[in-house]
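Chain residues, written in single-letter form:
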Amino acid sequence: AQGNEQEQAHPHSCFPDPSGKWALVSDLGQDKVYVYAVETAKARIREHATVPTAPGAGPRHLCFHPKGRWVYGINELDC
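Residues numbered from 1 in each chain as written. Predicted model: local features only at pLDDT ≥ 70, side-chain atom pairs only at ≥ 80, totals over all residues. Heavy atoms only, no water.

**Overview of the environment of Tyr72**
- By the secondary structure assignment, Tyr72 is in strand 6 (residues 71-75).
- If we skip the residues at most four places from it in the chain, Tyr72 touches His61, Leu62, Cys63 and His65. (Helix = DSSP H or I, 4+ residues; strand = E, 2+ residues; numbered from the N terminus. Contact = heavy atoms within 4.5 Å.)

Here it is, written out as structure tokens:
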């Protein structure tokens, strides 16, 4: 981190779930993971939920358990 990533939104990556119905976006600057519903038939995504992380955590990477039931995340700033 260069020190200014938490001053504003700073999305890092988008992670589709194994079913293709959801996409998760980790935002280092907002200390949140955004969950979007993927509406393929309408060619759009819709915000579904926001998952807060600890202040200053800086969520970075996510990965899904092979069975798709759990998602694991790692933070950049407080790991």
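Picking up after the structure, the text goes on.
**Here's the deal with the sheet that holds strand 3 (residues 32-39)**
- Read across the open sheet, the four strands follow the order 1-2-3-4; overall the sheet is antiparallel. Since the sheet does not close on itself, it has two edges, and those belong to strand 1 (11-16) and strand 4 (44-52), each with one partner. On average, each strand axis in the sheet is inclined to that of its neighbour by 25°, with strand direction left out of account.
- When strand 3 meets strand 4, the two strands line up antiparallel, connected through eight bridges. Each residue of the ladder has a partner; that of Glu39, found in strand 4, is Arg44. (Pairing = 2+ DSSP bridges. Axes fitted to C-alpha atoms, helices over the stretch in contact; angles between N-to-C directions.)

**A closer look at the pairing of strand 5 (residues 59-64)**
- Judged from the five bridges that link them, strand 5 and strand 6 form a sheet pairing that is antiparallel. Within strand 6, the residue paired with Pro59 across the bridge is Asn75.
- Counting the residues in the hairpin turn of strand 5 and strand 6 gives six residues, including Gly68, whose phi is positive at 80°.

**Thoughts on the pattern of salt bridges**
- Counted according to the given criterion, the structure contains three salt bridges.
- Glu39 is paired through a salt bridge with Arg46; the nearest N and O atoms lie 2.8 Å apart.
- You can call Glu39 buried: its relative accessible area is 17%.
- Classification of Arg46 by relative accessible area gives partly exposed; the value is 39%.
- In this structure, Arg60 and Glu76 form a salt bridge, with 2.6 Å as the shortest nitrogen-oxygen distance. (Salt bridge = Lys/Arg side-chain N within 4 Å of Asp/Glu carboxyl O. Buried < 20%, exposed > 50% of the residue type's maximum accessible area, 1.4 Å probe, protein only.)

**Description of the nonpolar core**
- Core analysis: the largest hydrophobic core is formed by five residues, namely Phe15, Leu24, Val33, Val35 and Leu62.
- Setting aside residues no more than four positions away along its own chain, Phe15 makes contact with Trp22, Ala23, Leu24, Ser26, Arg60, His61, Leu62 and Phe64. (Core = buried A, V, L, I, M, F, W, Y, C linked by side-chain atoms within 4.5 Å.)

**Structural notes on the side chain of Ser26**
- In this fold, Ser26 is placed in strand 2 (residues 22-27).
- Setting aside chain neighbours within four positions, we find Ser26 in contact with His10, Pro11, His12, Ser13, Phe15, Lys32, Val33, Pro59 and Arg60.

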